[in-house]
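Coordinate inspection notes
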Amino acid sequence: MHGIKRVVTVLIMLVIALVVLAFVLENQQDVSLSFLGFGTGQVPVSVFVVVALVIGMLVGPLLTVLVRHRRRRSIAAGRS
């Protein structure tokens, strides 16, 4: 059973990687991003989207850990 889960996980990750690759290949138009006075050079749209995806994948779990830590601290303080 554990082997089947591993194969399914690998297949899902492969499909996600192929979808991201297809997205990157289809979105090669150069754009410039300007935000709060800061600007970038001409970069493909896919670069911005993939960077936003990676940042979201890092920030999401970090926020989950912080919320769990605060919840545990508040529960422990309530017991005292």
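It should be emphasised that the depicted structure is a prediction, and the values quoted were computed from it without experimental measurement.

Reading guide: rules and limits
- Residues numbered from 1 in each chain as written.
- Predicted model: local features only at pLDDT ≥ 70, side-chain atom pairs only at ≥ 80, totals over all residues.
- Heavy atoms only, no water.
- Helix = DSSP H or I, 4+ residues; strand = E, 2+ residues; numbered from the N terminus.
- Buried < 20%, exposed > 50% of the residue type's maximum accessible area, 1.4 Å probe, protein only.
- Areas by Shrake-Rupley, 256 points an atom, 1.4 Å probe, with all protein chains shown as cover.
- UniProt positions renumbered as here; feature names shortened; annotations may be inferred.
- Patch = residues over 30% accessible without salt bridge, like charges linked within 9 Å, V, L, I, M, F, W, Y side chains within 5 Å.
- Salt bridge = Lys/Arg side-chain N within 4 Å of Asp/Glu carboxyl O.

Moving on to the overall build of the protein. Counting its secondary structure elements, the protein contains two helices and four strands. If one aligns the C-alpha atoms of the protein with their principal axes, the spans along those axes are about 60 × 50 × 10 Å. By the burial criterion, 4% of the 80 residues in the protein qualify as buried. When the accessible surface of the protein is split by element, carbon and sulfur atoms take 73% of a total near 7,100 Å².

Okay, the UniProt feature "domain: Lipopolysaccharide assembly protein A" (unreviewed entry) in the protein next. Residues annotated by UniProt as "domain: Lipopolysaccharide assembly protein A" (unreviewed entry) correspond here to residues 26-76. Within the segment residues 26-76, helix and strand shares are 65% and 16% respectively, and the terminal C-alpha atoms sit 51 Å apart.

Locating S46 in the fold gives a position in helix α2 (residues 45-79). Residue classification places S46 among the buried positions, given a relative accessible area of 3%.

Phi is positive for L36, which is not a glycine, with a value near 55°. Within the secondary structure, L36 is located in the loop between β2 (34-35) and β3 (38-39). Classification of L36 by relative accessible area gives exposed; the value is 70%.

With that settled, the discussion passes to a nonpolar patch on the surface. Among the surface-exposed residues, V47, V51, V54, I55, L58, V59, L62, L63 and L66 lie close enough to one another that they form a single nonpolar patch of about 780 Å² accessible area. Within the secondary structure layout, V47 lies in helix α2. Given the relative accessible area of 37%, V47 is considered partly exposed.

Moving on: the environment of V49. You can see V49 is positioned in helix α2. Its relative accessible area of 39% is what places V49 among the partly exposed residues.

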